[in-house]
Amino acid sequence: MRWQKGRASDNVVEDTGGGGGGPRFGGGRGLGLGGIVLVVIVSLLFGKNPGEILQLLGGMGGGDGGQGASQEVAPAGNDEQTLFVKKILGSTEDVWGQMFQASGKQYPAPRLVLFRGGVDSACGSASSAMGPFYCPGDRQVYLDLSFFQEMQDRFQAAGDFARAYVIAHEVGHHIQNLIGVMQQVDQQARRGVPMEGATGLSVRQELQADCFAGVWANHAQRQLDWLDPGDVEAALNAANQIGDDALQKRARGYAVPDSFTHGSSAERVRWFRQGLSSGDINRCDTFSASQL
């Protein structure tokens, strides 16, 4: 992936507040397995969905959350990994900004906070075991760069476009927050609609974020022509490696669909590919789909 062709975002900052005050899993560096891998590390252990785990780690802020946590940030540096993040985030800003403008709206871009070990957000304190996550309460994406190495070492999900997919997925949650999807999910959950399970609200929400990531990838390629042979396969492999069924089988040898929170490998690949091939956000209605 020729990611250097992209525009660097000014919305990437580094957390300097001492790594947050939340609980740690596995020490300072954490497990770094991503919000998705949380299914294995925490959800499997406690039978909770990610929102509930965030509550356990420090209090989940709602989609219409107010004040964020006190946070000391500094402009991000320009080392290669940080510059990569800036370029990918810049591309998401350009793509979604253009799409919002086409519908007569302005796109309020999220800020991406780089942290090490742990961080405080409006959704509470989180360790690197949470991996990349989006907090609707402060409209920020949080990322410990060590997660990229974890992707390669633990899940054989290497490649720049695979890493870009991770960032685009979290930005997909930001889009959901902006267009009211997260609020609708909260309302349905309060009415008793199940969050967990193979067809639960959490799975549908995560698969839609995958589809939105595919929509971004489609438009970004049109704008920049930056993909090389094998890049799409790398991203699809990443989606495949972090499906609930694949993660659960690694953790305990078998899958339990009733505890799914992000979707199976096949579903994650399918919905990312749906967005990638269509470039149409309207093709990402996972909530009305009878078959995921």
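Residues numbered from 1 in each chain as written. Predicted model: local features only at pLDDT ≥ 70, side-chain atom pairs only at ≥ 80, totals over all residues. Heavy atoms only, no water.

Here we look at the environment of Arg268
Within the secondary structure layout, Arg268 lies in helix α10 (residues 265-278). Linking Arg268 and Glu206, residues 62 residues apart in sequence, is a C-alpha distance of 8.5 Å. Within the structure, Arg268 has its side chain in polar contact with the side chain of Asp210 (distance 2.7 Å). (Helix = DSSP H or I, 4+ residues; strand = E, 2+ residues; numbered from the N terminus. Polar contact = N/O pair within 3.5 Å; in protein donor to acceptor, adjacent residues only side chain to side chain.)

Overview of the sheet that holds strand β3 (residues 111-114)
Read across the open sheet, the five strands follow the order β2-β1-β3-β7-β6; overall the sheet is mixed. The open sheet has two free edges, formed respectively by β2 (73-75) and β6 (133-135), since each of these has just one partner strand. Ignoring strand direction, the axes of neighbouring strands in this sheet form an average angle of 35°. Of the pairings in the sheet, the one linking strand β1 (residues 12-15) to β3 comprises three bridges and is parallel in character. Note on β3: the bridge partner recorded for Val12 is Leu112. Packed on one face of the sheet, helix α5 (residues 160-179) meets β3, β6 and β7 (140-143) and runs near 20° to β6. (Pairing = 2+ DSSP bridges. Axes fitted to C-alpha atoms, helices over the stretch in contact; angles between N-to-C directions. Contact = heavy atoms within 4.5 Å.)

Structural notes on the pairing of β3
Two elements, β3 and β7, share four bridges in a ladder whose sense is parallel. In the sheet register, Leu112 faces β7, and the bridge partner there is Val141.

Comments concerning unusual backbone geometry
Positive phi outside glycine occurs at Arg139, with the angle close to 55°. By secondary structure assignment, the location of Arg139 is in the loop between β6 and β7. You will see that Asp225, though not glycine, has its phi angle at about 45°, which is positive. Among the structural elements, Asp225 can be located in the loop between α7 (201-224) and α8 (231-241).

A closer look at the confidence of the model for the chain
When the pLDDT values of the chain are averaged, the result is 83; 82% of them are 70 or greater. Helix α3 (residues 80-102) holds the highest mean pLDDT among the elements of the chain, 98, whereas helix α1 (residues 34-46) holds the lowest, 39. With pLDDT under 50 throughout, residues 19-70 is counted as low confidence; its partners more than four residues away or in other chains account for 129 contacts. (pLDDT = per-residue confidence, 0-100.)

Brief notes about the state of the cysteines
Inspection of the entire model under this criterion finds two disulfides. Cys123 shares a disulfide with Cys135; S-S distance 2.2 Å. Between Cys123 and Cys135 the disulfide shows an S-S torsion of about 95°. By sign, it is right-handed. Here the residue Cys123 occupies a position in the loop between β4 (118-121) and β5 (124-127), and Cys135 occupies one in strand β6, the gap between them amounting to twelve residues. Since its relative accessible area comes to 0%, Cys135 is described here as buried. (Disulfide = S-S within 2.5 Å. Buried < 20%, exposed > 50% of the residue type's maximum accessible area, 1.4 Å probe, protein only.)

A look at the pairing of β5
The pairing of β4 with β5 spans four bridges and is classified as antiparallel. Residue pairing in the sheet places Val119 in a bridge with Ala126 of β5. Joining the antiparallel neighbours β4 and β5 is a turn of two residues.

Some points on the packing of aromatic side chains
A full pass over the atoms with the stated rule returns nine aromatic pairs. Measuring from ring centre to ring centre gives 5.5 Å for Trp3 and Phe84, while their planes differ by 90°; the resulting arrangement is edge-to-face. Note that Trp3 is positioned in the segment before β1 and Phe84 in helix α3, a separation of 81 residues in sequence. Here Trp3 and Phe84 have matching classes, each one buried. A centroid spacing of 6.3 Å and a plane angle of 70° characterise the contact between Trp216 and Trp226, whose relative ring orientation is edge-to-face. Taken as a pair, Trp216 in helix α7 and Trp226 in the loop between α7 and α8 lie far apart in primary sequence, ten residues in all. Here a set of aromatic residues connected by ring pairs shows up, and it is made of Trp3, Phe84, Phe147 and Phe148. (Phe/Tyr/Trp six-rings, centres within 6.5 Å; stacked < 30°, edge-to-face > 60°.)

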